[in-house]
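Geometric and topological summary
Here is what each chain is made of, one letter per residue.
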Amino acid sequence: MKISDFKGAFKKNTVTIESIDNVFDDYYVIALNKPDNMTWEAGEHGVFTLPGRKVKGQPFRIFSVSCIPEEGKVLIATHANEPISDFKQKLLTMNKGDQVKVRGPFGWFKIQDTTSPVVMIVTGIGITPSRAIIKSIEHEETRPIHLVHSSPTEHLYKETFEEISRKNRDFHPVYTTSKEETIETYTALAKVHGNDAYYFLSGKIKIIRATKKELKKLGIKGSRIINDPYIGY
Ligand SMILES: Cc1cc2nc3c(=O)[nH]c(=O)nc-3n(C[C@H](O)[C@H](O)[C@H](O)COP(=O)(O)OP(=O)(O)OC[C@H]3O[C@@H](n4cnc5c(N)ncnc54)[C@H](O)[C@@H]3O)c2cc1C
């Protein structure tokens, strides 16, 4: 983490709801309009508030932006697990055109260079910044890009990843549904790429800690592991 990773935290934007889709189970994808002057780097997150709505409890939530500016919108996604918080209830029942405020985006979960292999190990809704990162390097064919997405039922954004993998033979998405399968998959990748790769971990803090421990046992240095712990889950 560098001081410059927080530079964007001073930016403020008002965006409006374009659509809210319940894509499966309790997963939602929310598209917001992108003001012309709003930009960000792939992998960053914003702090979102709902102006004019009285929210019980914490009045903001952090969401990673799951698209790149070139897509012409601000895409976020969330998992509204029971009991649904008042913030998410209010957000998910908003209408097209309703306003949302965002501070940022900013963050440290970013591509580090143009040559190192990329291994993304993510759980559930932790997929959100990875979609942006993969979109940002989708045309690169200079290094292997691996995605291991663990989710119990369906895998959010799978169609996007499948489309990219059909065009870019260096991109290898794997969708797992069990802990054992996930560990087996990333262990094999760590054995192949060792400390040549950067390992991107995002999702629940407990799972990130456990994965980091496993990677270190496999000889991966802490400096090659980039985390995005979803504080709050
Ligand atoms: C860098 C970063 C990026 C993030 N990106 C995303 C993202 O892209 N998408 C996303 O969805 N989240 C993301 N998060 C997490 C997000 O900010 C929220 O913390 C998270 O979504 C949980 O919010 P909530 O409103 O559902 O739950 P909260 O109200 O904050 O509660 C936390 C948990 O406790 C449970 N809970 C609450 N009340 C009760 C109760 N009475 N009894 C039992 N259980 C209860 C909730 O179900 C929830 O699982 C990110 C966090 C960080 C730090």
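All values reported here derive from a predicted model rather than from experimental measurement. (Residues numbered from 1 in each chain as written. Predicted model: local features only at pLDDT ≥ 70, side-chain atom pairs only at ≥ 80, totals over all residues.)

In terms of nonpolar packing, the biggest core is built from 50 residues, with V119, M120, I121, Y199 and F200 touching the most fellow members. If one sorts the elements of this core by residue count, strand 7 (residues 118-123) sits on top with five residues. Counting contributing residues, this core receives three or more from each of domain 1 (3-106) and domain 2 (118-229). (Core = buried A, V, L, I, M, F, W, Y, C linked by C-beta atoms within 7 Å. Buried ≥ 20, exposed ≤ 12 C-beta atoms within 10 Å, placed from the backbone. Helix = DSSP H or I, 4+ residues; strand = E, 2+ residues; numbered from the N terminus. Domains from an automatic or database assignment.)

What follows covers the domain arrangement of the protein chain. Segmenting the protein chain into domains produces domain 1 (3-106) and domain 2 (118-229). A C-alpha centroid distance of 23 Å is found between domain 1 and domain 2. At the junction of the two partners, domain 1 supplies 16 residues and domain 2 supplies 13 residues. Elements supplying a minimum of two residues to the side of domain 1 that touches domain 2: strand 1 (12-24) and strand 5 (73-79). Per-class residue counts for the side of domain 1 that touches domain 2 are nine nonpolar, six polar and one charged. (Contact = placed C-beta atoms within 7 Å. Nonpolar A, V, L, I, M, F, W, Y, C, P; charged D, E, K, R; others polar.)

So, on to helix 2 (residues 127-136). A large share of helix 2 lies buried, amounting to nine of its 10 residues. Of the residues making up helix 2, those classed as buried are I127, T128, P129, S130, R131, A132, I133, I134 and K135.

On to the sheet that holds strand 9 (residues 171-176). One open sheet holds the five strands; their spatial order is 9-8-7-10-11, and the pairing between them is parallel. The sheet is open, and its two edges are formed by strand 9 and strand 11 (225-229), each paired on a single side. Sheet twist, expressed as the average angle between the axes of neighbouring strands with direction ignored, equals 10°. As paired strands, strand 8 (residues 145-150) and strand 9 are joined by six bridges and run parallel to one another. When the sheet's bridge partners are listed, S150 is paired in strand 9 with T176. Sheet strands touched by helix 3 (residues 158-167): strand 8 and strand 9. Its angle to strand 9, the strand with the most contacts, is close to 150°. Sheet strands in contact with helix 5 (residues 205-217) are strand 7, strand 10 (198-203) and strand 11, and its direction is about 155° off that of strand 10. (Pairing = 2+ DSSP bridges. Axes fitted to C-alpha atoms, helices over the stretch in contact; angles between N-to-C directions.)

Another aspect to go through is helix 5. With 13 residues, helix 5 ought to run about 18 Å at 1.5 Å a step, and its terminal C-alpha atoms sit 18 Å apart, in line with that. By the burial criterion, the buried members of helix 5 are I207, I208, T211 and L215. Down the axis of helix 5, the sector holding all buried residues measures 100°, keeping them to one side. Exposed side chains of helix 5 directed beyond 90 degrees from the buried face belong to K206, K213 and K217. (Expected span 1.5 Å × (residues − 1). Arc of directions from axis to C-beta.)

Take the pairing of strand 8 next. Among the six residues in strand 8, six count as buried, and that is most of the element. Burial along strand 8 is two-sided: the residues I145, L147 and H149 and H146, V148 and S150 are all buried. Inspection of the sheet shows strand 7 paired to strand 8 by six bridges, in the parallel sense. In the sheet register, I121 faces strand 8, and the bridge partner there is V148. Handedness of the strand 7-helix 2-strand 8 crossover: right-handed. (Right-handed = clockwise from strand over helix to strand, strands pointing away.)

Omega for the bond connecting E82 with P83 falls within 30 degrees of zero, at -10°, which places this linkage in the cis form. On the secondary structure map, P83 appears in the loop between strand 5 and helix 1 (86-92). Residue G104 is joined to P105 through a cis peptide bond whose omega torsion reads 0°. Among the secondary structure elements, P105 is positioned in strand 6 (residues 99-106). With phi around 35°, D25 is a residue other than glycine that occupies positive phi space. Position of D25 relative to the elements: it lies in the loop between strand 1 and strand 2 (27-33). Judged by local crowding, D25 falls into the partly exposed class, with 14 C-beta atoms found within 10 Å. Phi at Y157 is positive, roughly 70°, even though this residue is not glycine.

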